Amino acid sequence: MKTVLTIAGSDSIGGAGIQADIKTISALDCYAMSAVTALTAQNTVGVDGVLEISGDFVKAQMKSVFSDVFPDAVKIGMMGNESIVKAVSEVLADYKAVNVVTDPVMVSTSGRPLLSEAGKNVLIKQLFPLSDLITPNISEAEAITGIKITSRKDMENAAEVLFDMCRGSVLLKGGHMSGSAADLLFDGDMFTWFESERIKSSNTHGTGCTLSSAVAVFLAYGLSFKQSVSKAKKYISGAISHGLDLGHGNGPLNHFYKNKKGVINEL
């Protein structure tokens, strides 16, 4: 069985962060491992509090995993501060981690900052160069590149700038733009657009976490960036379409929508 390590924050409502990552990895038949970077008090409405883990303990968690079960892919989400980003970068470099997918989580959907300014600088200088794929959304790409993105041409320009920061490819997520939910993959030579109809649903809590985790899974299976993104997009469309109407805000996705119904009656 392929193994995937997720390095991210915990979401107490279970729809995003570590919980969404583990659900996604498990639903796609890989073994999920984790290193928690922060505890959050949050629900479908917003984030009420954040307690960051020390960089040293994040490093200890990662070393425990790498020294025993070397992951076939690594997904990185919320890190919170400079110390954690440095710790993550050091372990990835020491163990020569492969198939590293970095989702540069900077702000929650409700608008709460989830990465310090110093952390953002270390992210760009130390972690991006160790990343095989980075998956920023529009606002994150704007914050990193300084490019205002209002069109597909702007997305292409930003993707070129982002590509020079990492060692692999860039998946620029266009879900926050009007119109169809088109994402852009740039590998240094070719722009590949992934078109999908925008699904009318409020069950979108954790979509970015889920997408990046799904891509990491398919990279672990040995698929190309293009194949991995294509399959991950199909998976997340299904998870949103079958979303769970839970909570008073943006509900969570249904990560296990493909699983056989009624299985509990067979146990």
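Before reading further, recall that the structure is shown in the block above.
Now for a description of the structure that goes with this document. (Residues numbered from 1 in each chain as written. Predicted model: local features only at pLDDT ≥ 70, side-chain atom pairs only at ≥ 80, totals over all residues. Heavy atoms only, no water.)

Take the side chain of Glu-140 next. Within the fold, Glu-140 resides in helix α5 (residues 138–145). Despite its burial, Glu-140 pairs with no opposite charge, the nearest such side chain being Lys-173 at 4.9 Å. Dropping the residues within four chain positions of it, Glu-140 is found in contact with Asp-103, Pro-104, Val-105, Met-106 and Thr-135. (Helix = DSSP H or I, 4+ residues; strand = E, 2+ residues; numbered from the N terminus. Buried < 20%, exposed > 50% of the residue type's maximum accessible area, 1.4 Å probe, protein only. Lys, Arg positive; Asp, Glu negative; His and termini not counted. Salt bridge = Lys/Arg side-chain N within 4 Å of Asp/Glu carboxyl O. Contact = heavy atoms within 4.5 Å.)

All right, on to helix α8 (residues 225–241) then. Over its 17 residues, α8 extends 24 Å from the first C-alpha to the last, a length consistent with the 24 Å expected when each residue adds 1.5 Å. Taken residue by residue, α8 has Ser-228, Val-229, Ala-232, Lys-233, Tyr-235, Ile-236, Gly-238, Ala-239 and Ile-240 as its buried positions. Buried residues belonging to α8 abut α1 (17–27), β7 (169–172), β8 (183–186), β9 (191–194) and α7 (207–220). (Expected span 1.5 Å × (residues − 1).)

Moving on, we get to unusual backbone geometry. With a phi close to 65°, Asp-29 is a non-glycine residue in the positive phi region. As for its placement among the helices and strands, Asp-29 is situated in the loop between α1 and β2 (31–42). Positive phi is not limited to glycine here, since Lys-96 has a value of about 50°. Relative to the helices and strands, Lys-96 resides in the loop between α3 (82–95) and β5 (100–102). On the accessibility criterion, Lys-96 (65% relative accessible area) is exposed.

A separate point is the sheet that holds β9. Across the sheet, which stays open at both edges, the nine strands sit in the order β3-β2-β1-β4-β5-β6-β7-β8-β9 with mixed pairing between neighbours. At either margin of the open sheet sits one strand with a lone partner, and together these are β3 (47–52) and β9. As judged from the five bridges shared by β2 and β3, these two strands associate in the antiparallel manner. Its bridge partner lying in β3, Leu-39 is registered against Leu-51. Across the face of the sheet, helix α2 (residues 55–66) comes into contact with β1 (3–11), β2 and β4 (73–76) while running at roughly 165° to β2. Taken strand by strand, α8 contacts β6 (133–134), β7, β8 and β9, and its axis lies near 15° from that of β9. (Pairing = 2+ DSSP bridges. Axes fitted to C-alpha atoms, helices over the stretch in contact; angles between N-to-C directions.)

Here we come to the nonpolar core. Membership of the largest hydrophobic core comes to 41 residues, with the highest contact counts inside it found for Met-62, Val-74, Ile-76, Val-88 and Leu-92. With five residues, α3 is the single largest residue contributor to this core. Setting aside its immediate chain neighbours within four residues, Ile-76 contacts Ile-7, Val-88, Leu-92, Val-100, Val-101, Thr-102, Asp-103 and Leu-127. Ranked by size, the runner-up nonpolar core spans 27 residues in total, among them Ala-73, Ala-214, Leu-253 and Tyr-257. (Core = buried A, V, L, I, M, F, W, Y, C linked by side-chain atoms within 4.5 Å.)

For the rest of this paragraph, the subject is the packing of aromatic side chains. If you walk through the whole model with that rule in mind, you get six aromatic pairs. Geometrically, the ring pair formed by Phe-218 and Tyr-221 is tilted, given 6.3 Å between the ring centres and 45° between the ring planes. In this structure Tyr-221 comes out as partly exposed when scored by relative accessible area, which is 35%. These aromatic residues form a ring-pair network of at least three members: Phe-66, Phe-70 and Tyr-95. (Phe/Tyr/Trp six-rings, centres within 6.5 Å; stacked < 30°, edge-to-face > 60°.)

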